[in-house]
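# Structural characterization, general
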There are 2 protein chains.
Amino acid sequence: MNSSTDSNVLVRPTTVIAVPRLARRLGIDFFIASETFQTTGSFKFRAALNLVTCIDHPEVITASSGNFGQALAYACKIVGKACTVVMPATSVKMKVQAVREYGAEVELIDVRLQSREERVREIARERPSAYVASAYDDPLVIEGNSTLGIELANLDSPFSQVVVPIGGGGLAAGIIQGLSKSGTRVGIVGAEPLIANDASQSLRLGRIVRNPKEPETIADGARTISLGQHNWDILRHGLAGIIEVPEEKIIEAVRLLFELANLKAEPTGALSLAALLTKPEMFRGEYVCCVVSGGNVDPDLYAKIVGSNPH
Amino acid sequence: MNSSTDSNVLVRPTTVIAVPRLARRLGIDFFIASETFQTTGSFKFRAALNLVTCIDHPEVITASSGNFGQALAYACKIVGKACTVVMPATSVKMKVQAVREYGAEVELIDVRLQSREERVREIARERPSAYVASAYDDPLVIEGNSTLGIELANLDSPFSQVVVPIGGGGLAAGIIQGLSKSGTRVGIVGAEPLIANDASQSLRLGRIVRNPKEPETIADGARTISLGQHNWDILRHGLAGIIEVPEEKIIEAVRLLFELANLKAEPTGALSLAALLTKPEMFRGEYVCCVVSGGNVDPDLYAKIVGSNPH
C-alpha cells in the first residue's frame, strides 16, 4: 500500500463525463462534472480536508450522518486528528460502518431524547480543545469546496451555465467563490428539492427562510433546515436562480444517469440533472456544466429506483 | 449541440479511479481504469471507430448483440457509413433500442431457424460492398483497442500488473499490443469466467480450444465460443496467465464496485476485480491496474445484484 498513496489521500480532480445520449434525450447540450469518485465518494472531502489542515485543534466533532461525516473522518485520519461523529441510532448501518472504517469514533444517540446538535454542544463543553465542524456553514468549508469551482474554471470548456445541488449551500457557495477567484463569469443555478425549498424562498424574500422541520425529500443531503449564514452571504448575490425540483424528477434523474450515462449518483447528486429535466427551456442554446455532487446511496433504495424502470 | 461535439464523437480517455476502500478490503494495492464512460459505454468504441475509419466499404454488417453492436452503430453514424446489426429476436429491448438510437438498422432474427452468423453471411452475399465486422477477430479491432494500452503506458503510474477481462480476446490483445508499442513491460493477466474458460484451456494446451456451446455466464461479453485467431496469436505469447473466475465472484465484484467505488460496471467489466477476489495472493506486493471494460447492464439484473446485499 504505497505507490498509490498520494492519489488516495488528496483531493482528486473532478471526473468530466460526456453524455451525448442524455443530451440528445433532453435536447440540452451539457456535460457532467462528477464528484462521485472523489475521496470518500462526494465533494465533501474537499471541505473536510481544507478544514482539518487549517485548524490547530487536535480533535474535531460533527453531527453529520451523511457524506460530511465520512469525509471528515477520513480527513482527520490523514492529518492525525481525533474525530467524533454524532449520528442517530437509527442511521443506516452501512453509513455508520463507513464512518468507522474511515477512522472516526461514532456516537449513536437516541434523537427522540436529545438532538444531535445538543449532543455535539455537550461534547464540545466536555472537550474544549475540540473544533465543532458544520458541514456547510463555515468559511473553511466553503474555501475547501471552492477548489471545485477553480477546477471547473480551468477545464477550458466553454460552458455558460453551472447547475449545482443545494442543501445547506456549502457547495454552491464554494463554486461561486472558486469561479469568481478564477475570473470566470458564468451563470450559477441552484437545484433544490421542491419540498425542501428554503433556499429558493430565501432568495425570493431576501432573508434566510427556515423549513419548519427537516424535509423528507429523497435527496437526503438537502434535508437541511436552512442555508448557513456564511453560505447565504455568498448565494444571495452569486446565484442566478434556484430551480425547485419535484421528487419524481430526482428519481428520474438517478435512473437516467444510470441508464444513459453509466453513472451511479445519489439522489442529492442527481438534483442538478433533475433541474434540467424540470426546466429544460431555461437551458436551450446554452452549454451547461451539471455538477453531480456525490454517489453514496443506500443499495436497496438504489435498486428500487433503477430496477423499477418500464423497459 | 455544438460546443461539446468534439468530445462526444471521439474516443474518450479512460477514467482512472482510485479505490482506497476496495484496496483495503482486498489487501491489494490497485486502481481502476474504467471504460464505462467511453463513448457508447464500453471499450468497444475504440475498436469500432478504428475499423470504420480504416476501411473503404460504404456499409458494415455485424452479428453482435452487445456492446460491439452499439459501438459500431455509432462509429458508422459518425463517418457516414450504413450499418446493419443482426440480433436475436429475443434480445433485451433496451439493447435493440440503443443500437437503433445510435443509428444502425437492426435485423431481428429467430435464432432457432438460422444462426446470426449464417444470416450475416447471407446479407454479405446480397451486398458485396459491405464489410463484415467481427467484434474481436480482426487486426483493425485489435489496433483500435491498443489505444487503451498506449493510454495506460502513458499514465506514468508505476503499476506492475494489468488485469483485463477476456471474451473473444480483443481487448487483452489490444492492451498487449499497445503496452508493447509503448515499450512498457508489465505483467498482463486475463480474467475469464470459469464456466467459459476456453481461453484458459487454450493457453494450457497451446492451441485454440472451443466451448461446446455458448456458455451461460452472467458475464455476457464473455459468452464467446472461442478466441479469435488474430487474438490468439497475440495472447499466447503476451499473457502472463488467465484467472478463472467463479460466477459468484463476478457478482460480488459488481456489488463491491457499486458499494465501495461508486462504479456502475457490467458483469463482464467486473471480471478483472473478480479475478483479484479469486486469487488475491497473486497480487500481494504488486501495484495493479484493473481494467473495467464496460458499464452497460440490464437495469433489472443490476438491481437484483446490488439490492440483494445483506446490510
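Look up a bit, the structure's there.
Residues numbered from 1 in each chain as written. Chains lettered and ligands numbered in written order. Predicted model: local features only at pLDDT ≥ 70, side-chain atom pairs only at ≥ 80, totals over all residues. Heavy atoms only, no water.

## Considering the packing of aromatic side chains
Aromatic rings in a pair are described by how distant their centres are and how their planes are angled relative to each other. Under the definition given, this model contains 13 aromatic pairs over all chains. Plain terms: the ring middles of Phe258(A) and Tyr302(B) are 5.2 Å apart, the flat faces sit at 45 degrees to each other, and that makes the pair tilted. Here the residue Phe258(A) occupies a position in helix α11 (residues 247–261), and Tyr302(B) occupies one in helix α13 (residues 299–307), the pair thus bridging two chains. For Phe258(A), a relative accessible area of 0% corresponds to the buried category. A connected cluster of aromatic rings, assembled from ring pairs, spans Phe258(A), Tyr302(A), Phe258(B) and Tyr302(B). A cation over an aromatic ring shows up here: Lys264(A) above the ring of Phe258(B), its NZ or CZ 3.9 Å from the ring centre. (Phe/Tyr/Trp six-rings, centres within 6.5 Å; stacked < 30°, edge-to-face > 60°. Helix = DSSP H or I, 4+ residues; strand = E, 2+ residues; numbered from the N terminus. Buried < 20%, exposed > 50% of the residue type's maximum accessible area, 1.4 Å probe, protein only. Lys NZ or Arg CZ within 6 Å of the ring centre and 35° of its normal.)

## With respect to the pattern of salt bridges
All names here are of chain A. Throughout the structure, instances matching the rule amount to 24 salt bridges over all chains. We note a salt bridge from Arg119 to Glu122, for which the minimum N-O separation is 2.5 Å. A residue pair is termed a helical-turn pair when its members lie 3 or 4 positions apart in one helix, as Arg119 and Glu122 do in helix α6 (residues 116–126) at three residues. Residue class for Arg119 comes out buried when judged on its relative accessible area of 11%. When its relative accessible area of 28% is taken as the criterion, Glu122 is described as partly exposed. Between Arg119 and Glu126 there is a salt bridge, with its nearest N and O atoms 3.6 Å apart. (Salt bridge = Lys/Arg side-chain N within 4 Å of Asp/Glu carboxyl O.)

## Observations regarding the interface of chain B and chain A
It is common to give the size of an interface as the accessible area that goes away when the parts come together. Of the residues lining the interface, 47 residues belong to chain B; the matching set on chain A comes to 47 residues. Buried area between chain B and chain A, summed over both chains or domains, comes out near 4100 Å², and the portion from carbon and sulfur atoms is 54%. At the boundary of chain B and chain A, one finds two salt bridges. Between Arg21(A) and Glu101(B) there is a salt bridge; the shortest N-O distance is 3.0 Å. On inspection of chain B and its partner chain A, the count reaches twelve residue pairs in polar contact (both at pLDDT 80 or more). When contributions to the side of chain B that touches chain A are tallied by element, the ones reaching two or more residues are α1 (5–9), β1 (15–18), α2 (20–26), α5 (93–101), α11 (247–261) and α13 of chain B. For the side of chain B that touches chain A, the element with the most residues is α13(B), which contributes six residues. Residue composition of the side of chain B that touches chain A, by class: 22 nonpolar, 16 polar and nine charged. (Contact = heavy atoms within 4.5 Å. Buried area = accessible area lost by both parts, 1.4 Å probe. Polar contact = N/O pair within 3.5 Å; in protein donor to acceptor, adjacent residues only side chain to side chain. Nonpolar A, V, L, I, M, F, W, Y, C, P; charged D, E, K, R; others polar.)

## Comments concerning the side chain of Thr39(B)
Within the secondary structure, Thr39(B) is located in the loop between β2 (29–34) and α3 (44–54). Among the polar contacts made by the side chain of Thr39(B), one reaches the main-chain carbonyl oxygen of Leu10(B) at a distance of 3.1 Å.

## With respect to the packing of α11(A) against helix α13 (residues 299–307) of chain A
Residues and elements named next belong to chain A. At a minimum axis separation of 9 Å, α11 and α13 run at an interaxial angle of 80 degrees. When the axes of α11 and α13 are compared, the pair comes out roughly perpendicular. For the pair α11 and α13, contact is made by Ile251, Val254, Arg255 and Phe258 and by Tyr302, Ile305 and Val306, respectively. (Axes fitted to C-alpha atoms, helices over the stretch in contact; angles between N-to-C directions. Parallel < 35°, antiparallel > 145°, perpendicular 65-115°, else oblique.)

## Digging into α5(B)
Among the residues of α5(B), Met94(B), Val96(B), Ala98(B) and Val99(B) are the ones counted as buried. Considering only its buried residues, α5(B) is in contact with α2 (20–26) and α11 of chain A together with α4 (67–79), β4 (82–88), β5 (105–109) and α13 of chain B. Gly103(B) sits one or two residues past α5(B) and shows a positive phi near 105 degrees.

## Details of the sheet that holds strand β6 (residues 130–132) of chain A
All names here are of chain A. The sheet built from four strands is open, its strands ordered β5-β4-β3-β6 with parallel pairing. The open sheet is flanked by β5 (105–109) and β6, the only strands paired with a single partner. Taken pair by pair, the neighbouring strands of this sheet meet at an average axis angle of 20 degrees, ignoring direction. Strand direction decides the pairing type here: strand β4 (residues 82–88) and β5, joined by five bridges, are parallel. Paired with Thr84 across the two strands is Glu105, which belongs to β5. Contacting β4 and β5, helix α5 (residues 93–101) crosses the sheet at an angle of about 150 degrees to β5. (Pairing = 2+ DSSP bridges.)

## Considerations on the relation of the copies chain B and chain A
Note on the copies: chain B fits chain A at an RMSD of 0.0 Å, the axial shift is 0.0 Å, and the rotation between them is 180 degrees. What the superposition gives is, in effect, a two-fold axis relating one chain to the other. Closest approach to the rotation axis within chain B is made by the C-alpha atom of Ala303(B), at a distance of 2.1 Å. Comparing interface residues between copies, 100% of those in chain B also sit at the interface in chain A, which points to an isologous, same-surface contact. (Least-squares fit on C-alpha atoms with pLDDT ≥ 70 in both.)

## A closer look at the pairing of strand β8 (residues 187–193) of chain A
Each regular strand carries side chains that alternate between the two faces of the sheet. All names here are of chain A. In terms of burial, β8 is largely enclosed, as seven of its seven residues are buried. Of the two faces of β8, the one holding Gly187, Val189, Ala191 and Pro193 and the one holding Ile188, Gly190 and Glu192 are both buried throughout. Note: strand β7 (residues 161–165) against β8, five bridges, orientation parallel. Following the sheet pairing, Val162 is matched in β8 by Ile188. Crossover β7 to β8 through helix α8 (residues 170–181) is right-handed. Inspection of the sheet shows β8 paired to strand β9 (residues 241–245) by five bridges, in the parallel sense. Within β9, the position partnered with Val189 by the bridge is Gly241. (Right-handed = clockwise from strand over helix to strand, strands pointing away.)

## Section: the pairing of strand β3 (residues 59–62) of chain B
All names here are of chain B. Burial of the side chains of β3 extends over both faces: Glu59 and Ile61 are buried on one face and Val60 and Thr62 on the other. Bridging between β3 and β4 involves four bridges; their strand directions are parallel. Its bridge partner lying in β4, Thr62 is registered against Val85. In this fold, β3 hands off to α4, which returns the chain to β4; that crossover is right-handed. Two elements, β3 and strand β6 (residues 130–132), share three bridges in a ladder whose sense is parallel. Bridge pairing in β6 links Ile61 to Val132.

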